[in-house]
Amino acid sequence: MSRSDLNISRWLDAHSDRGAGLQVLLNGAVLADVAGDGDHRLVVADVKLQPDTRSRLKVYRGTLLTSDQTLPDIPSAVITFYPDNLEPKVPAVGITCGLDLLMYKNNKPYFKFSVPSLPISALEDEVWTKFKHKNEHDLTQLVDSLKTVPYNTLTSRSQKLLLLKPEDAADFVDKFKDKELKRYSPITCATTLQRNSSEWNSVSCPVLATEIGQIYILDPQNLSILHQASVSVSKATPSVIRAIGLFDVEYRILIATREGLVCLLRRGWLEGRNVLQATTYIVDMVIMPADNFIILATMDKTLSCYSKKGSKLWSQELKQQITCLTLVPLKHLSMTLIGVGMKGGSIHLYRTRHFVDYVSIPDTPSSLLFGKMGQEDHVLVTITTSGILDIKILKRTADFNLTQQSTASNPILQNKPLPLPKRSKLFLEQSARERQNPIEMHQHFQQDLIRLRLNAARALVQSQGDQTGVGNDKELIKLSAQVLGLGPKFTLILNLENMNGDKALIDLTMIFHCKSSIYQLSHYVLRIPLVPPGLIYKAEIKVEDVSSDDFQGQNPVQSVKVFCTRGDDTHPILAATINMPPTDLNII
Amino acid sequence: MGLFQKLALFLGIRKKEVNVLVIGLNNSGKSTVINHFKNDEDKASDIVPTVGFSIERFQNQNLAFTAFDMSGHGKYRDLWEHYYKDCHGIIFVVDSSDRLRLVVVKDELDILLQHPDVCNRKIPVLFFANKMDCKDALSSVKIAAGLGMDKIMDKPWHISASNALTGEGLNEGVEWLTQQIREYIVNNKF
Ligand SMILES: Nc1nc2c(ncn2[C@@H]2O[C@H](COP(=O)(O)OP(=O)(O)OP(=O)(O)O)[C@@H](O)[C@H]2O)c(=O)[nH]1
Ligand SMILES: [Mg+2]
């Protein structure tokens, strides 16, 4: 067995069943410990749309189908939740079909919740009461009167009636006129919200969204309504719903709608607020667990990330249409990746905006799941549009550290906002104070600024006047000077220090410059003998002020320049200016 | 004194303790297998998933075994390799009813066989195709094929189907291992 036998992929192909024949909608499958034995199963709501087929609820244990039962209607979503804390802990499976949430436990149906009926317009009610009593000849007239009611506020029965051919209308009315008229809005999507603990197997509440945009949060035990709210003020048809937080403490429910809106609902709100408006149809949405960022997949092949307030943080255009998303939480690596299922059968993994890995499956995925299956913690389950069930397992040794290359992604897309800090309480208090006494604060500021400038100027003067020495770090020599005397005759004492611990200074020359009209020096060139490592050479020079009396005192500061050069090199290795004090003749 | 014991005495390995490493994925039945070999008074009635590892001792054919019962959970599998060096034999337990994870077993087996402390030694490896009583269990032949065991040329290996709950198949396997370890010890002049 050689190293090349090892697959370089991070994923192991555990199972692929081409004959599974599963047809699922987005979020139509879940992974859960439905038997309560620690062996997590795959629960699939298999949608069959053909006329004489029934949708089914299927449970897979590992690779084997262990349970298969028919569903009363076409399922729209599957959720799973722990209804209580009783041991042994067995989660319930909830399937939304039409108006109902059907609850199953241990593969047996045991509870049902139906969304409450909606008010019926007076006119429609009246029309159907008339149907009961009136004869055939009024029928067309009555049906026409129904047309004055907005179509979407009609009951589904009236909606259907309006769509029938006039000759079939009578039969239809006969069939239904004695039944109670009710208006419902079907459930379009569902999720769960943890009740009071974020432990994975603690009690959580089903959250349902209906077509007209009502949200119901249910008590998981008796399926009574705990909270009801509407998604948005404007028309909003929920298509994807996600919840984070705890029902009893604080939570956020995010709803993506068919109109391209993402609405937020928080604890206590009766109406959601629009967080953002996508430019095209939203395919899928996931919420990053740590920072609550909203990840959207849209029809224009784009994966984008928004802050929880709805401002766009980044977006990434992909090569293919996105069909589904999933979160890939990797606790042992403390990161959460985003799994992106795309048309054609590739699944890309993103760590924030960075592409980190991909896996291929035989065709377009319609649903992606990542989680615990069987005894394995990191399983990626894909169900494709052609019904293939594909299971991959993440290798234990896989890591997703960004390589240098992948971090340097497309520069055009790096429109990341600046990492500005949040507005802190301190900042807010400060700005409040500023608004209260602006004049005083401005004056204080100006005073401090002037003081600062003064200090800076003082420091400059001091450092200029400080003639304790200049140095050359590279050559490791230092020169310091001292001026003795009151004038007109001065003595200049120069100390040249060799700071190099190993090498002696050789072949150095000191050259002096000054205005000959003012000063006369005893030497203009000094040849410096060898200065051994670490020692100081001391030189003494006499300076005489020869300026005429009129100038004396007028040019209070005059200077002598010193250069050190090596050999014939014209470039000085050290230069210094020595400020000479003025000659105060009055003293003399 | 039986022939083996005499032989063992003659070879000077009577007091010899041999170390076997018991590995395999979590829930495969490693602790249950070891529990079977323990004396009746030491037997645990309730077996819980192992945390980290545990050390158990038992005798077989006058050879004192020290078994390192490793946890098979993903987060503890890193520990396995630290015991490769000092073990005289490896028992690899496979849950034959867990078809989903057969690829994971293969991956772990490949990592094991390529480890520097294992790849150049003729260390015997015993496979238990455990949980043979489960109705969807794969046969030991299928498991051997699935794990690509035919490619293991340089080490003696053996697979037996087993049921750790009843003990079926366990003795046969461990007898093979005992035999192999004796040969191994003799050849390597321990
Ligand atoms: N049906 C059946 N069940 C078995 C068999 N062997 C073990 N089990 C069961 O499998 C489960 C796991 O067994 P353990 O011995 O704890 O497994 P393990 O490999 O030690 O697991 P970790 O310590 O977590 O790595 C237990 O519930 C055992 O009762 C077997 O041969 N047949
Ligand atoms: Mg164990």
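I will try to describe carefully the structure that is included in this document. Keep in mind the model is a prediction, meaning the values are calculated, not measured.

Glancing now at the coordination of the magnesium ion (ligand 2). Around a metal, the idealised angle for a tetrahedral arrangement of four donor atoms is 109.5 degrees; for an octahedral arrangement of six donor atoms it is 90 or 180 degrees. Residue and element names in this part refer to chain B. Coordination of the magnesium ion (ligand 2) by the protein involves Ser 31 (OG) and Thr 50 (OG1), with metal-donor separations of 2.0 Å. Here Ser 31, found in helix H2 (residues 30-37), pairs with Thr 50, found in the loop between H2 and strand S2 (53-60); they are 19 residues apart in sequence, far enough to count as distant. Overall, Ser 31 belongs to the buried group, its relative accessible area being 17%.

Before going further, it helps to examine empty space enclosed by the protein. Residues and elements named next belong to chain A. As enumerated under the stated definition, the model contains three cavities of 30 Å³ or more in all. Estimated volume of the second largest cavity: approximately 70 Å³. Looking at the second largest cavity, the residues that line it are Val 34, Val 43, Leu 57, Val 59, Pro 91, Val 93, Tyr 104, Lys 105, Asn 106 and Asn 107. Among the residues forming the lining of the second largest cavity, the class breakdown is seven nonpolar, two polar and one charged.

This part is about the packing of aromatic side chains. In the structure shown here, the tally under the stated rule is 13 aromatic pairs over all chains. Taking 5.6 Å as the distance between ring centres and 10 degrees as the angle between the ring planes, the aromatic pair formed by Phe247(A) and Tyr251(A) counts as stacked. For Tyr251(A), a relative accessible area of 2% corresponds to the buried category. Between the aromatic rings of Tyr350(A) and Phe355(A), the centroid separation amounts to 5.9 Å while the plane-to-plane angle is 70 degrees, which identifies the pairing as edge-to-face. Judged by its relative accessible area of 5%, Tyr350(A) is buried. One aromatic cluster is present, built from ring pairs that chain together Phe37(B), Phe58(B) and Phe65(B). Directly above the ring of Trp128(A) sits Arg157(A), whose terminal nitrogen or CZ lies 4.8 Å from the centroid. Over the face of the ring belonging to Trp269(A) we find Arg273(A), whose NZ or CZ atom lies 4.0 Å from the ring centre.

Before going further, it helps to examine the environment of Ile34(B). All names here are of chain B. Along the chain, the position of Ile 34 falls in helix H2. Taking the relative accessible area as the measure of exposure, Ile 34 reaches 3% and is therefore buried. Taking C-alpha positions, Ile 34 is 8.6 Å from Ala 164, a pair spaced 130 residues apart along the chain. Sequence-distant contacts of Ile 34, that is, excluding residues within four places in its chain, are made with Val 22, Glu 56, Ala 67 and Asp 69.

Further remarks concern the packing of helix H1 (residues 122-133) of chain A against helix H3 (residues 156-163) of chain A. All names here are of chain A. Interhelical geometry of H1 versus H3 gives an angle of 70 degrees and a closest axis separation of 11 Å. Relative to H3, the element H1 is oriented roughly perpendicular. On the side of H1, the interface is formed by Glu 124, Trp 128 and Phe 131, while H3 contributes Arg 157, Ser 158 and Leu 161. Among the residues making up the contact of H1 with H3, the classes are represented as three nonpolar, one polar and two charged.

Another aspect to go through is H3(A). Residue and element names in this part refer to chain A. For H3, the full list of buried residues reads Arg 157, Ser 158, Leu 161 and Leu 162. Seen from one end, H3 has its buried residues packed into an arc of 135 degrees, which puts them on one side. Those residues of H3 that are exposed and aimed more than 90 degrees away from the buried face are Ser 156, Lys 160 and Leu 163. Where H3 is buried, its residues contact H1, helix H2 (139-146) and helix H4 (166-176).

All names here are of chain A. Spatial strand order, S34-S32-S36-S37: four strands in an open sheet with antiparallel pairing. One side of each edge strand has no neighbouring strand; the edge strands of this open sheet are strand S34 (525-528) and strand S37 (574-580). Sheet twist, expressed as the average angle between the axes of neighbouring strands with direction ignored, equals 20 degrees.

Applying the stated criterion to the full structure yields 30 salt bridges over all chains. For Asp37(A), the salt bridge goes to Arg41(A), with nearest N and O atoms at 2.6 Å. For Asp37(A), a relative accessible area of 43% puts it in the partly exposed group. Classification of Arg41(A) as buried rests on a relative accessible area of 9%. Where Asp154(B) meets Lys155(B), a salt bridge forms, and the shortest distance between an N and an O atom there is 3.3 Å. For Lys155(B), a relative accessible area of 6% gives the class buried. Residues participating in the shared-partner salt-bridge network are Arg396(A), Arg77(B), Asp78(B) and Glu108(B).

Next up on the list: the sheet that holds strand S2 (residues 29-32) of chain A. All names here are of chain A. Taken together, four strands build an open sheet; the order of strands is S2-S3-S4-S5 and the sheet is antiparallel. What marks the edges here is a single partner per strand, and that holds for S2 and strand S5 (64-70). Ignoring strand direction, the axes of neighbouring strands in this sheet form an average angle of 20 degrees. Pairing of strand S4 (residues 56-61) with S5, which is carried by six bridges, proceeds in the antiparallel orientation. Across the sheet, the residue bridging to Val 59 is Ser 67, located in S5.

So, about the nonpolar core. Core analysis: the biggest nonpolar cluster contains 48 residues, and Leu42(A), Leu389(A) and Phe92(B) have the highest contact counts within it. Not counting residues up to four positions away in its chain, the partners in contact with Leu42(A) are Ala29(A), Val30(A), Leu31(A), Lys58(A), Val59(A), Tyr60(A), Leu369(A), Met373(A), Val381(A) and Leu389(A). With 34 residues, the next largest nonpolar core counts Ile217(A), Leu261(A), Ile287(A) and Tyr306(A) among its residues.

Residue and element names in this part refer to chain A. Counting buried residues along strand S23 (residues 335-342), seven of its eight residues qualify, which places the element largely inside the surrounding structure. Alignment of strand S22 (residues 322-330) against S23, held across eight bridges, turns out to be antiparallel. Within S23, the position partnered with Pro 329 by the bridge is Thr 336. Linking two consecutive strands that pair antiparallel, namely S22 and S23, is a turn of four residues; a positive phi of about 40 degrees is found at Ser 334 within it. Relative to strand S24 (residues 346-351), S23 is paired through five bridges, and the arrangement is antiparallel. Its bridge partner lying in S24, Met 342 is registered against Ser 346.

Moving on to the site of ligand 1. All names here are of chain B. Near ligand 1 lie 20 residues; those nearest to it are Lys 30, Ser 31, Thr 32, Thr 50 and Gly 72. One of the side-chain nitrogen or oxygen atoms of Ser 31 is found 2.8 Å away from an oxygen atom of ligand 1. Contact between ligand 1 and Ala 164: an oxygen atom at 2.9 Å from a main-chain N or O atom of the residue. Bound to the protein, ligand 1 loses 83% of the 650 Å² it would expose on its own. Ranked by the residues each element gives to the shell around ligand 1, the list is headed by H2, at three residues. The residue makeup of the shell around ligand 1, split by class, is six nonpolar, 11 polar and three charged.

About the criteria used
Residues numbered from 1 in each chain as written. Chains lettered and ligands numbered in written order. Predicted model: local features only at pLDDT ≥ 70, side-chain atom pairs only at ≥ 80, totals over all residues. Heavy atoms only, no water. Donors = N, O, S within 2.8 Å, 3.2 Å for Na, K, Ca; no water. Helix = DSSP H or I, 4+ residues; strand = E, 2+ residues; numbered from the N terminus. Buried < 20%, exposed > 50% of the residue type's maximum accessible area, 1.4 Å probe, protein only. 1 Å grid on protein atoms, 1.4 Å probe; cavity = no way out; pocket = protein on both sides within 12 Å on 5 of 7 lines; lining within 4 Å. Points joined across faces, edges and corners; volume = space filled by probe spheres on them. Nonpolar A, V, L, I, M, F, W, Y, C, P; charged D, E, K, R; others polar. Phe/Tyr/Trp six-rings, centres within 6.5 Å; stacked < 30°, edge-to-face > 60°. Lys NZ or Arg CZ within 6 Å of the ring centre and 35° of its normal. Contact = heavy atoms within 4.5 Å. Axes fitted to C-alpha atoms, helices over the stretch in contact; angles between N-to-C directions. Parallel < 35°, antiparallel > 145°, perpendicular 65-115°, else oblique. Arc of directions from axis to C-beta. Pairing = 2+ DSSP bridges. Salt bridge = Lys/Arg side-chain N within 4 Å of Asp/Glu carboxyl O. Core = buried A, V, L, I, M, F, W, Y, C linked by side-chain atoms within 4.5 Å. Near = heavy atom within 4 Å. Polar contact = N/O pair within 3.5 Å; in protein donor to acceptor, adjacent residues only side chain to side chain. Areas by Shrake-Rupley, 256 points an atom, 1.4 Å probe, with all protein chains shown as cover.

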